[in-house]
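Spelled out, the chains give:
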Amino acid sequence: MGIQERVKKMALRTAFSYLEKDPENNMLKLLDWVDKLAGEGEESFPSQRAAFRKVLEDPDNNMNRLIRAILQETDPNVLKAVFENFFLNANIIGWPIQEEMRSKYGCNIPWAILLDPTSACNLRCTGCWAAEYGNKLNLTLDEIDGVIRQGKALGVYMYIYTGGEPLVRKKDLITLCERHSDCQFLAFTNATLIDEAFADDMLRVRNFMPAISLEGFEAATDGRRGDGVYQKVVRAMAILREKRLPFGISACYTSQNLDSISSDAFIDQLVEWGARFIWYFHYMPVGNDAVPALLPSPEQRTAMYRRVRQMRAEKPIFAMDFQNDGEYVGGCIAGGRRYLHINANGDADPCVFIHYSDSNIREKTLLDCLRGPIFMAYHDGQPFDENHLRPCPMLENPQLLREMVHRTGAHSTDMQSPETVDHLCDKCVSYSECWRGEADRLWNEKNRPETAV
């Protein structure tokens, strides 16, 4: 970290002390400091900071209520760590370093790195693509540590664990939090392994946050994950809330469950439990045994597009939609543009949903993986569609993924049942064609001069 970054970090730490003393009245003072130190370039997120200021200035805004709840109900030391690691290191400090590295090396440099510590899981959920790997693969503690050290050298301070069930390796994950106290860690988890002892570890290290997977209410969750899982998850959330630890929800929407997991009843229940965000994922027909019938219809996807935006305007929980929010991030964020995925075998995949690779972290450096053929194909091809409601080279533009994989010689990284790219993309052709017209209508509606925001 250079002198300028050190000075900036020290100043913002000082500013954060105002928030610690009187969070209710000093939020805008903290933002004044952030604005002063961040500058006005695009790399300092001026539009996002302006939107945040607008929220803070309106006490009746639902996002203002969310922020105040977070300030009042989160352990102050955890809150400070999130401020330093997520807002400061991963964004204000890290982003300019990433931009410098993108220019220097001529490739994508991610904002976040997703890793599978293990393919093992304590559950066997119906239709889970992660379970296809079996329980045989693991990244060692030192391998994960090495990826994080390489990532930090590139300006990356955000690390997200997927799986498998990451908390099968909970002891190692806490060790990594201790080794890298300047990073923010998040784990997609079924939450059944969260107990009092692990929550105490989270409280101690301060920089680990769970995103808990739910299918809906009890019948839907237990129907996919097994009897009794729902109640274990509810108990885990109660433990987290009692210890003032922040957490969010991860939910995959399909043609079958879309209405229930976006309902007022479900969202209001999440707020009551203490969840701070919900991250929606569109069902992906990945794997030889995938069920294309679970893909939402164009009408259902449009309903979800509108519903998530309604939630953001009305509910004190932050809702994100991985597929339908492409308009806010310039389309596809995979291939290292904003993130990449490293599976439990060490394969560097461009996307957590697209399992084709030509590089492995056990054979190459992280930077060499990012400069490999499949990642450079992503770099050179993004955005894959000018309509960012069709961001994906698989789901909405399957001809592009098919071409990239064939051209680069990338191979399937599914250890259990390798799927050819043609088999995968063939399942997406009909969906892509059906969604195109509705996506264009929504995009044109959004971007008409009189309605553009």
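Worth saying up front: this structure is predicted, and the values here are computed from it rather than measured. Residue indices follow the written sequence of each chain, beginning from 1 at its first position. Where totals are concerned, whole chains, interfaces and linings use all residues; where local detail is concerned, this predicted model gives features only for residues with pLDDT of at least 70, and gives and counts side-chain atom pairs only at 80 or more. The basis for every side-chain value is the complete set of heavy atoms in the structure, and neither hydrogens nor water enter the calculation.

Our next topic: the packing of helix 7 (residues 170-179) against helix 8 (residues 196-205). Axis geometry follows a simple rule: fit a line to the C-alpha atoms, using only the stretch in contact for helices, then measure angles between N-to-C directions, giving values from 0 to 180 degrees. Numbering of helices and strands runs from the N terminus, with a helix taken as a DSSP run of H or I at least four residues long and a strand as a DSSP run of E at least two residues long. Close contact between helix 7 and helix 8 brings their axes to 10 Å; oriented N to C, the two are set at 10 degrees. Viewed along their axes, helix 7 and helix 8 adopt a mutual orientation that is roughly parallel. Contact residues: helix 7 offers Lys-170, Ile-174, Cys-177 and Glu-178, while helix 8 offers Phe-198, Asp-201, Met-202, Arg-204 and Val-205. By the convention adopted, Pro, Cys, Tyr, Trp, Phe, Met, Ile, Leu, Val and Ala count as nonpolar, Lys, Arg, Asp and Glu as charged, and the other residues, Gly among them, as polar. Across the contact of helix 7 with helix 8, the residue classes tally to five nonpolar, no polar and four charged. The scheme is simple: roughly parallel for angles under 35 degrees, roughly antiparallel for over 145, roughly perpendicular for 65 to 115, oblique for anything else. Here a residue-residue contact requires only that any non-hydrogen atoms of the pair lie within 4.5 Å.

Turning to the pattern of salt bridges, a few remarks are in order. One side-chain nitrogen of Lys or Arg within 4 Å of one carboxyl oxygen of Asp or Glu is enough to make a salt bridge. Counting across every chain of the model gives 34 salt bridges. Note that Arg-179 and Asp-142 form a salt bridge whose closest N and O atoms lie 3.7 Å from each other. With Arg-179 in helix 7 and Asp-142 in helix 6 (residues 141-153), this residue pair connects regions lying 37 residues apart in the sequence. Type-normalised accessible area, obtained with a 1.4 Å probe on protein chains alone, sets the label of each residue: buried when under 20%, exposed when over 50%, and partly exposed for intermediate values. Using a relative accessible area of 38% as the deciding quantity, one classes Arg-179 as partly exposed. You can call Asp-142 exposed: its relative accessible area is 55%. Between Arg-402 and Asp-422 there is a salt bridge, and its shortest N-O distance comes to 3.1 Å. Note that Arg-402 is positioned in helix 17 (residues 398-408) and Asp-422 in helix 18 (residues 421-447), a separation of 20 residues in sequence. Here Arg-402 falls in the partly exposed class, since its relative accessible area comes to 21%. Judged by its relative accessible area of 28%, Asp-422 is partly exposed.

Here the focus is the packing of helix 17 against helix 18. The N-to-C vectors of helix 17 and helix 18 enclose an angle of 165 degrees; their axes lie 8 Å apart at closest approach. In this view, helix 17 runs roughly antiparallel relative to helix 18, as classed from their interaxial angle. Seen along the crossing, helix 17 lies across helix 18 with a hand that is left-handed. Residue-level contacts link Pro-398, Leu-401, Arg-402, Val-405 and His-406 of helix 17 to Val-421, Asp-422, Leu-424, Cys-425, Asp-426, Cys-428, Val-429 and Ser-432 of helix 18. Broken down by class, the residue content of the contact of helix 17 with helix 18 amounts to eight nonpolar, two polar and three charged. Left-handed describes a crossing whose near helix is turned anticlockwise from the far helix by less than a right angle; the clockwise case is right-handed.

Turning to the packing of aromatic side chains, a few remarks are in order. Within 6.5 Å between ring centres, the rings of Phe, Tyr and Trp (the latter by its six-membered ring) count as paired, and their orientation is classed by plane angle as stacked under 30 degrees, edge-to-face over 60, tilted in between. In total, this model carries 16 aromatic pairs according to the counting rule given. A ring pair is formed by Phe-188 and Phe-281, whose centres lie 5.7 Å apart and whose planes are at 80 degrees; its orientation type is edge-to-face. One end of the pair, Phe-188, is in strand 3 (residues 184-189); the other, Phe-281, is in strand 6 (residues 277-282), and 93 residues separate them in sequence. For Phe-281, a relative accessible area of 12% translates into the label buried. Among the aromatic residues, those joined into a cluster by ring pairs are Phe-188, Trp-279, Phe-281, Phe-322, Tyr-339 and Phe-353.

Our next topic: the sheet that holds strand 8 (residues 339-342). Here, a strand pair is defined by DSSP locating no fewer than two bridges between the strands. Spatial strand order, 7-6-5-4-3-2-1-8-9: nine strands in an open sheet with mixed pairing. The open sheet terminates on both sides in strands that have one partner only, identified here as strand 7 (318-321) and strand 9 (348-349). Across five bridges, strand 5 (residues 248-253) lies against strand 6 in parallel orientation. Its bridge partner lying in strand 6, Ile-249 is registered against Ile-278. Against the sheet, helix 5 (residues 76-105) contacts strand 2 (158-161), strand 3 and strand 4 (208-213), and its axis sits at roughly 100 degrees relative to strand 3.

Next up on the list: the pairing of strand 4. Within strand 4, six of the six residues are buried, leaving the element largely enclosed by the surrounding structure. Burial along strand 4 is two-sided: Phe-208, Pro-210 and Ile-212 facing one way and Met-209, Ala-211 and Ser-213 facing the other are all buried. Here strand 3 runs beside strand 4; their pairing, made up of five bridges, is parallel. Within strand 4, the position partnered with Ala-187 by the bridge is Pro-210. When the strands point away from the viewer and the path from the first strand over the helix to the second turns clockwise, the crossover is right-handed. Each parallel crossover has a hand, and for strand 3 linked through helix 8 to strand 4 it is right-handed. As judged from the three bridges shared by strand 4 and strand 5, these two strands associate in the parallel manner. Note on strand 5: the bridge partner recorded for Ala-211 is Gly-248.

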